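Letter by letter, the chains look like this.
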Amino acid sequence: MHMTLEADYAVRIVERLSESDGRLDAHTISEDTRVPLRFSLKILRKLVAENLVKSYKGAKGGYTLAREPGLITLRQVIEAVEGPYVLNRCLTKDYNCCHTECRFHHIYDEVSALVRQRLDQVTFDREKKPD
């Protein structure tokens, strides 16, 4: 398993914004993170919609974090672009699992909960190193 490219890009974007003392425009974010501009704009829209990033219009516009980096978790960023983290699609509300007596369902649920818990423990605070 691996994280989607979109989630990886979102993490890079939020990390870059956490390093900035002011607003950054989309071109700068794109160049600094090596995320294509069109993809950066798409991800930034999602991050703004989830209130993780703030967007400013106009000549002096750009993007900043919507709150302190220590209040933004890795899970929030990943889920902003991917939706709720689950190990298997059978755990999503939209999926209709035909295996009603799946003996692995509870294990998938347990592992998903552990991963979500761990992702919640990591923030974008530059002063605090992830455990």
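Placed above this text is the structure.
Residues numbered from 1 in each chain as written. Predicted model: local features only at pLDDT ≥ 70, side-chain atom pairs only at ≥ 80, totals over all residues. Heavy atoms only, no water.

With respect to the overall build of the chain
Here is step 1: In terms of regular secondary structure, the chain is built from five helices and two strands.
Here is step 2: If you list the helices and strands of the chain from N to C, you get α-α-α-β-β-α-α.
Here is step 3: Across the 131 residues that make up the chain, the buried fraction comes to 34%.
Here is step 4: Here the contacts in the chain between residues at least 6 apart in sequence split such that 62% fall between residues at least 24 apart.
Here is step 5: For the chain, the computed accessible surface area is about 8,900 Å², with 49% contributed by carbon and sulfur atoms. (Helix = DSSP H or I, 4+ residues; strand = E, 2+ residues; numbered from the N terminus. Buried < 20%, exposed > 50% of the residue type's maximum accessible area, 1.4 Å probe, protein only. Contact = heavy atoms within 4.5 Å. Areas by Shrake-Rupley, 256 points an atom, 1.4 Å probe, with all protein chains shown as cover.)

Considering the environment of Ala113
Here is step 1: Relative to the assigned elements, Ala113 resides in helix α5 (residues 105–120).
Here is step 2: On a C-alpha basis, the gap between Ala113 and Tyr85 in space is 8.6 Å, while along the polypeptide they are 28 residues apart.

Some words on the packing of aromatic side chains
Here is step 1: Applying the stated criterion to the full structure yields one aromatic pair.
Here is step 2: Consider the rings of Tyr9 and Phe39, whose centres lie 5.2 Å apart with planes at 80°: the pair is edge-to-face. Of this pair, Tyr9 sits in helix α1 (residues 5–19) while Phe39 sits in helix α3 (residues 37–49), placing them 30 residues apart in sequence.
Here is step 3: Owing to a relative accessible area of 10%, Tyr9 belongs among the buried residues under this scheme.
Here is step 4: Phe39 gets classed as partly exposed once you look at its relative accessible area, which sits at 23%. (Phe/Tyr/Trp six-rings, centres within 6.5 Å; stacked < 30°, edge-to-face > 60°.)

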